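# Coordinate analysis (summary)
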Amino acid sequence: MTQETAILSAKPDMGVEAPPVRKVFVKTYGCQMNVYDSERMTDALAKDGYVATDMVEDADLVLLNTCHIREKAAEKVYSALGRLRDLKSRKASEGKTVTIGVAGCVAQAEGDEILRRAPSVDLVIGPQTYHRLPQALKRVERGERVLETDYAVEDKFEHLPAPDKARTRSRGVTAFLTVQEGCDKFCTFCVVPYTRGSEVSRPVAQIVAEARKLVEAGVREITLLGQNVNAWHGTGPDGDKWGLGELLHHLAGIEGLARLRYTTSHPRDMDDGLIAAHRDLGQLMPYLHLPIQSGSDRILKAMNRRHTAAEYIALIARIKAARPDLALSGDFIVGFPGETDEDFEDTLKLVETVGYAQAFSFKYSTRPGTPGADLEDQVPEEVKANRLERLQALLLSQQNAFARACIGKTIDLLLEKPGRMPGQLIGRSPWLQSVNVDAMSSQIGDIISVRITGAGPNSLFAEVVS
Ligand code: SAH
Ligand code: SF4
Ligand code: F3S
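If you're wondering where the values come from, they're calculated on a predicted model, not measured in any experiment. (Residues numbered from 1 in each chain as written. Chains lettered and ligands numbered in written order. Predicted model: local features only at pLDDT ≥ 70, side-chain atom pairs only at ≥ 80, totals over all residues. Heavy atoms only, no water.)

## Overview of the packing of aromatic side chains
One pass over the structure, following the stated rule, counts five aromatic pairs. Here Phe-186 and Tyr-194 contribute two aromatic rings whose centre-to-centre distance is 5.6 Å and whose plane-to-plane angle is 75 degrees, an arrangement assigned as edge-to-face. Considering the side-chain rings of Phe-336 and Tyr-364, the 5.3 Å spacing of their centres and the 70 degrees angle between planes classify their relative orientation as edge-to-face. Here Tyr-364 lies in the loop between strand S17 (358-363) and helix H14 (381-406) and Phe-336 lies in the loop between strand S16 (327-334) and helix H13 (341-354), a separation of 28 residues in the sequence. Comparing Phe-336 with Tyr-364 shows no difference in burial state: the two are buried. Among the aromatic residues, those joined into a ring-pair cluster are Phe-189, Phe-336 and Tyr-364. A cation sits over an aromatic face here: Arg-70 above Phe-362, 3.6 Å from the ring centre. The ring of Trp-431 has Lys-409 sitting right over it, with the charged end atom 5.3 Å from the ring centre. (Phe/Tyr/Trp six-rings, centres within 6.5 Å; stacked < 30°, edge-to-face > 60°. Helix = DSSP H or I, 4+ residues; strand = E, 2+ residues; numbered from the N terminus. Buried < 20%, exposed > 50% of the residue type's maximum accessible area, 1.4 Å probe, protein only. Lys NZ or Arg CZ within 6 Å of the ring centre and 35° of its normal.)

Encoded structure:
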């Protein structure tokens, strides 16, 4: 799930008394929640006259929005900071000031260490305090080095600006909307409960208002986000307790909102209301990211996932009974401490049984402060590498088989962006595949009927059905 997205384009606000224009370059590591947060930070900074740039050389402010999930992800931050130190001193010799800020999960987990190891960093800000970014930058201007990593008592979402219309438009016809943050599950390998704090659900009214804003700005597809999105709960306008299923029903009523998705969900939080939403809501896309991590009950227990492989398989059967065309994606970890060859074979067996349209798989990475780090029987690196290779070969063959099985099907395609060739657009299938089709750029945002004619390694080809 390591998407790296630089926030590319944004237009300046047409303010009445415009503050001086400054440029911010945001580099986003990690999951979709970081992508969402980067957009909100960019929106928050716009008030102070910051416009986004995709040229780091031009930036007055560089923000790294970081990920701590695996060691490699966290290390990337320090190498990026090394390059930024050089940029900062080069600019200083030209008489220009570059402010460097580190946000995200590494900031939360290792804020002090970042300030110690990287003297060029002016600001460290954790995910729960992004609404304080403008004030934090003012403190930097006064010469302070700022560390903002306390969990804020106030709700950041109430203080962050709603998505800006012009910037939303420039970001395209699909959008993320965080509805839930943090995690109380404490899987023994995972840093998220420590970097993002405990589970918080945003209130219904706030979510609906944000979704409406997105749709007004031309968004056709919204993906609801949360580290544990299906643990979302709230109180509906009717005063009843709502789960994610009820929320999805409510959002599906927004006129112009054609598609809904949600990610990432935990098997233990797939309740009946959510399964019913898959049965009843045409707007809810038949694609579900439902990680299991391992197919071995022994390892699942050691990971504190609190369900068995058989329970997961039975759950999938229930969801598919509600929505037969549902395709699955998942996450896997190989080489969790104590994982034997037999445990790993159980993972392969589970993958064979379930059949994934797509999946992400990782070597277990020991994370400081998690219970997994103290376990004996850490698995040697070469064993992990070998298992990962075997698992990925199997997952890739399933992904290719899924793509090939689409050939000949007629599907709805949401046209998203220009394709590689003039006269072509790239759209998104219900199962999140990229599909190339001949269409005009004026059609971006339309949902059209296409027939899949071929499958390449990373995308499908289609022709318009008249
Ligand atoms: N909340 C989601 C997962 C979020 S983290 C869930 O419970 O499924 C995204 C993925 O990163 C996880 O699903 C897991 O596969 C992987 N991951 C998390 N910690 C890891 C670690 N220490 N080593 C390797 N992979 C890890
Ligand atoms: Fe991490 Fe587990 Fe929470 Fe997912 S459910 S974010 S893997 S602790
Ligand atoms: Fe990474 Fe934090 Fe997301 S650790 S995966 S950016 S919640």
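The rest of the description comes next.
## Re the site of ligand 2
For ligand 2, the full set of nearby residues is Cys-183, Lys-185, Phe-186, Cys-187, Phe-189, Cys-190, Val-192, Pro-193, Asn-228, His-266 and Arg-305. Tallied by class, residues from the shell around ligand 2 come to seven nonpolar, two polar and two charged. (Near = heavy atom within 4 Å. Nonpolar A, V, L, I, M, F, W, Y, C, P; charged D, E, K, R; others polar.)

## Side note on the pairing of strand S18 (residues 410-418)
Across five bridges, S18 lies against strand S21 (residues 447-455) in antiparallel orientation. Along S21, the bridge assignment pairs Ile-411 with Val-450. As paired strands, S18 and strand S19 (residues 424-428) are joined by four bridges and run antiparallel to one another. From the neighbouring strand, Pro-418 faces S19, where its bridge partner is Leu-425. (Pairing = 2+ DSSP bridges.)

## Some remarks on the site of ligand 1
Phe-189, Gln-227, Gln-293, Asp-331 and Ser-365 are the nearest of the 16 residues found near ligand 1. In this structure, a nitrogen atom belonging to ligand 1 sits 3.0 Å away from a main-chain N or O atom of Phe-189. Asp-331 is positioned with one of its side-chain polar atoms (N or O) 2.6 Å from an oxygen atom of ligand 1. The protein chains hide 93% of the 540 Å² of surface that ligand 1 would expose on its own. Here the residues of the shell around ligand 1 sort into six nonpolar, five polar and five charged. (Polar contact = N/O pair within 3.5 Å; in protein donor to acceptor, adjacent residues only side chain to side chain. Areas by Shrake-Rupley, 256 points an atom, 1.4 Å probe, with all protein chains shown as cover.)

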